[in-house]
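A closer look at the structure
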Amino acid sequence: MQASRTIISIAIAALSFSAGLKGQDAQGTIERLSRSEPLRTAAWSMKAVDSEGRVLAEHNPDMKLTPASNMKLITTGCALHSLGKDFRFETSIGYSGRIVDGVLEGDLYIIGGGDPTLATADSVVLKTDALFWKWKSAVKAAGIRVIHGRVIGDGRLFEGHLENTSWEYDDIGTYYASGSSALSFYANAQDYQVSAGAGPGAPVNVRTVYPETPWMRFTNYGETGPEGTGNSLYLYTTDLSPYAELRGTFAVGRKPKTEHFANKFGALTCAYYFWRNLKNTGWEVSGGYADIDRSGRIREGADFSLHEKAATDLKTIVTTYSPTLDKIARETLCRSDNFYAEALLRTMGEKSSSISVYDSCRVAEAEVLEDICPGISKTFDIADGSGLSRHNFISADTMVRFLRSMELSPAFPAFVWALPHPGGNGTLAALLPELPEQIRARVRMKSGSMDGVLCYSGYIFPKPDATGKPIVFSLITNNCSVPYQEVRKPLMEIISALVKTQETEP
């Protein structure tokens, strides 16, 4: 009996020693890298725990830093947990007035339900013409042949600003900061073809490609820059006025390119394109196209003039649905789609309190976080859903706590399925090429980057024939003054060390 106990004690000691060595390997990598640039002078927080929650490696684990697009892990995880993977956004067609002998004596409304996928090029989304066909078929089935009124885009479900007020001014006119609206079109983006002028100082050549926004007044202040000066074109615009200015430079010698800027009038654009589709397919529509401003008045797109209050007692003809939330979450994480992420946050606010301003959305998300991991919402600061704001602050320890708690959520399988992996599609495709594909596929993580910020957080799953839970890790770096490619090298080395730790587990 004594001999058996001795053998068991030796075995336990050996296992503990082995686990300690594995932890030392990862920790040693961190300590070595922390003594040299670019991490030596950066602010960074790191933590990794094994399948039992034991710390494998850490560095300033409690330091709160800006997570950039790692914030999308929180947003998509909370959305899947609270709304469910099968949740679908709704968009409805309704009308005001009455139908008499096939004539609608009133307006046709497109009623937005927050669907960020409308009219996008996303592969999981119904094509725009097919969607319009469904809407027209339902209008016809309701007995309407002629519309004596307008087509009105109704985005009243989401109140408040389109954009988060903490986003940087330069970002507001870009496609990745277009702002979330209850009725959108083409992710509220607009494509412009740009090219250099004849020489330095000449106007940049610019042409609107898609979608058209005929109500907009556009001024081109973009100039051609000297050779080698790059591209610093920005569009400055707002939903308060149908006016936009292009500013900045585009260097001599650069190839023409398509720039993607913000369209602040998603609901009006949707109404315009459906109105145009109706007219082009033989429908009689006596009125024009319009949307609804923040005061609830109808704003006609042709001249942008305000009219009577929009109707509130609408009669619904048909409701169409977005792809399921798990598919939207996958696109959000793999493409790091800010527009989708903000729609998820705004929808959580709307479902929780029927108010979708950002303050209410943050409260709603905090409630979901408390359900996932009690106490965690008090350990970091939430500003938005996408991570574009520099007012988000989170530590590696908090991120690891969240990711570990998600393992207990019913939404965890959908959450993991939505995460990209090195070698797959999306933002991680080129990472960790030295690892075999079957190992890269077990690293499920999200990147996050902006000027001076680079982050990676996620899971390293065990071999299919192994038992236990994944390694959970978070790497958040801020204040890096070198190109992100130079910061990425040591971070990939740390992740590789963690992968090797996982590979040595029995």
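Heads up: the structure comes first, above all this text.
The structure reproduced in this document is the subject of the present report. (Residues numbered from 1 in each chain as written. Predicted model: local features only at pLDDT ≥ 70, side-chain atom pairs only at ≥ 80, totals over all residues. Heavy atoms only, no water.)

**Things to note about the overall build of the protein chain**
What counts is decided by this rule: Numbering of helices and strands runs from the N terminus; a helix is a DSSP stretch of H or I covering at least four residues, while a strand is a stretch of E covering at least two. Radius of gyration: over C-alpha atoms. The globule rule applied is 2.2 Å multiplied by the number of residues raised to the 0.38 power. Relative accessibility decides the category of a residue: with a 1.4 Å probe and only protein chains considered, values under 20% of the type maximum give buried, values over 50% give exposed, and everything between is partly exposed. Residues count as neighbours in contact if any of their non-hydrogen atoms are within 4.5 Å of one another. The Shrake-Rupley method, run with a 1.4 Å probe, gives the accessible areas here. Residue values count only the displayed protein chains as cover. His is not counted, nor are the chain ends; Lys and Arg add positive charge and Asp and Glu add negative charge. Throughout, a charge is located at the NZ atom of Lys, the CZ atom of Arg, the CG atom of Asp or the CD atom of Glu.
When helices and strands are counted, the protein chain shows 11 helices and 24 strands. On C-alpha atoms alone, the protein chain measures out to a radius of gyration of 26 Å, which is about the 23 Å that the 2.2 N^0.38 rule sets for 506 residues. In terms of overall dimensions, the protein chain has a C-alpha envelope of 95 × 60 × 35 Å along the principal axes. Across the 506 residues in the protein chain, those meeting the buried criterion constitute 56%. Taking the intrachain contacts of the protein chain between residues at least 6 apart in sequence as the baseline, contacts between residues at least 24 apart amount to 69%. Accessible surface for the protein chain amounts to roughly 21,500 Å². Of this, 52% is attributable to carbon and sulfur atoms. In the protein chain, the 52 positive side-chain charges and the 57 negative ones have mean positions that sit 3 Å from each other.

**Remarks on the sheet that holds strand β24 (residues 471-478)**
Worth spelling out the cut-off: The pairing criterion for strands is at least two bridges between them, as found by DSSP. Think of each axis as a best-fit line through the C-alpha atoms, taken over the contacting stretch in the case of a helix, with angles from 0 to 180 degrees between the N-to-C directions.
Sheet architecture is open: five strands sit in the order β2-β1-β24-β23-β22, paired in antiparallel fashion. For this open sheet the edge positions go to β2 (55-59) and β22 (443-450), each flanked by a neighbour on one side alone. Going across the sheet, the axis of each strand differs from the next one's by a mean of 5°, ignoring polarity. The sheet contact formed by β22 and strand β23 (residues 453-460) spans eight bridges and is antiparallel. Paired with Met 450 across the strands is Val 453, a residue of β23. Along the sheet, helix α8 (residues 396-406) contacts β1 (43-49), β23 and β24; its crossing angle with β24, the most-contacted strand, is approximately 150°.

**A word on the side chain of Arg 150**
Relative to the helices and strands, Arg 150 resides in the loop between β7 (146-147) and β8 (151-154). Every residue in contact with Arg 150, bar those within four places of it in the chain, is listed here: Gly 106, Asp 107, Leu 108, Gly 287, Gly 288, Ile 298, Glu 300, His 307 and Glu 308.

**Quick notes on the sheet that holds strand β11 (residues 217-220)**
Spatially, three strands are ordered β11-β14-β13 in an open sheet, and the strand pairing comes out mixed. Strand pairing shows two members of the sheet lacking a second neighbour, β11 and β13 (234-238), which therefore form its edges. Along the sheet, successive strands turn relative to each other by an average axial angle of 15°, direction set aside. Summarising the sheet, β13 and strand β14 (residues 241-247) pair through five bridges and their orientation is antiparallel. Its bridge partner lying in β14, Thr 237 is registered against Ala 244.

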